[in-house]
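Breakdown of the fold
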Amino acid sequence: MEKKSIEQRARILLDGIIIEPDTADLLCSLNKYSKRTFIHCLNVAFMSVQIGYNWGMDSKRLIDLAKGAVLHDIGKIKIPLSILEKKGALTQEEFEQIKLHPVYGYELAMMKGYGNTVLDIILHHHEHIDGTGYPDGNKVTGLLQETQIVSVVDAWDAMTSARSYKPELSGQDAMLELTDFTDSFYNNEAVRGLRNVTDK
Ligand SMILES: [Fe+2]
C-alpha cells in the first residue's frame, strides 16, 4: 500500500478512536494536565497504527493498537507535575516515581473496562525484551507485538523531541540508537517497521 494512503488510513482510524467517550475523557484530562504528554501520545499512536497497517493487522487489532498507543502514558496524570515537567535530570527517587506511571495507567484503563491488549500496551510499554525494563522487568514473558511496536515508537518520539534537559536527536541518529538496542531492548521487526514508516 502507498505510504500516503497508510498515513490517511491511520489518521482516519485515530480520529474515530479519540472521540469515543471513555478515551476522549482520559485524553481530555491528559491534555489539561500535560499538553506535551498528550501530543506525545497522539504522535506515538499515529506512527504505531501505520506500522500495524503495514503488518497487515486486522481492524480489531488496529483498533486495540490505536487505543493502547494513544493511552500508553495516561498514568502520567498521577505523577506530580514537579517531576513530570522538571527542568533538569531526575533524581533516582523521582525516577522511581515516574516508573509507576504504567501501573497507574493500567489501573485507570482497567476501571474504564478496556480489553487485555490495550491494558498490556499501557502496562508494558517500558519493558525490554531482555527483561531490563519496568515495571515487571525480567518477570514479564512474551510481550505482545502491539506492545513492542508502541515501545519502539515511544522511544523514537522521546529521542526526536527536545526536552528542557536535552536537545532532540535527528531521525537518523535516533534510528542508529534504536538499532544499537535491537534484540536487547527492542524487537527487531518493530524497529524495522518504524524505519519503514519514518523513511520518507
Ligand atoms: Fe511511558
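Residues numbered from 1 in each chain as written. Predicted model: local features only at pLDDT ≥ 70, side-chain atom pairs only at ≥ 80, totals over all residues.

Along the backbone of the chain there are eleven helices and zero strands. Beginning at the N terminus, the succession of helices and strands in the chain can be written as α-α-α-α-α-α-α-α-α-α-α. Rg of the C-alpha trace for the chain: 16 Å, near the compact-globule value of 16 Å for 200 residues, within the 12% margin. Expressed as lengths along the three principal axes of its C-alpha atoms, the size of the chain is roughly 45 × 40 × 35 Å. Here the chain holds 200 residues, and 38% of them are scored as buried. (Helix = DSSP H or I, 4+ residues; strand = E, 2+ residues; numbered from the N terminus. Rg over C-alpha atoms; globule rule 2.2 N^0.38 Å. Buried ≥ 20, exposed ≤ 12 C-beta atoms within 10 Å, placed from the backbone.)

Let us now look at the environment of tryptophan 156. Inspection of the secondary structure puts tryptophan 156 in helix H9 (residues 145-159). Spatially, the C-alpha atom of tryptophan 156 lies 9.3 Å from that of leucine 169, the residues being 13 residues apart in sequence.

Below, the discussion takes up the packing of helix H8 (residues 116-124) against H9. At their nearest, the axes of H8 and H9 sit 9 Å apart, and the two run at 40 degrees to each other. When the axes of H8 and H9 are compared, the pair comes out oblique. Judged by the sense of rotation from one axis to the other, the crossing of H8 with H9 is right-handed. Of the residues in H9, those in contact with Thr117, Asp120, Ile121 and His124 of H8 are Glu146, Thr147 and Val150. (Axes fitted to C-alpha atoms, helices over the stretch in contact; angles between N-to-C directions. Parallel < 35°, antiparallel > 145°, perpendicular 65-115°, else oblique. Left-handed = near helix turned anticlockwise from the far one by under 90°. Contact = placed C-beta atoms within 7 Å.)

No statement about biological role is implied by the geometric values presented.
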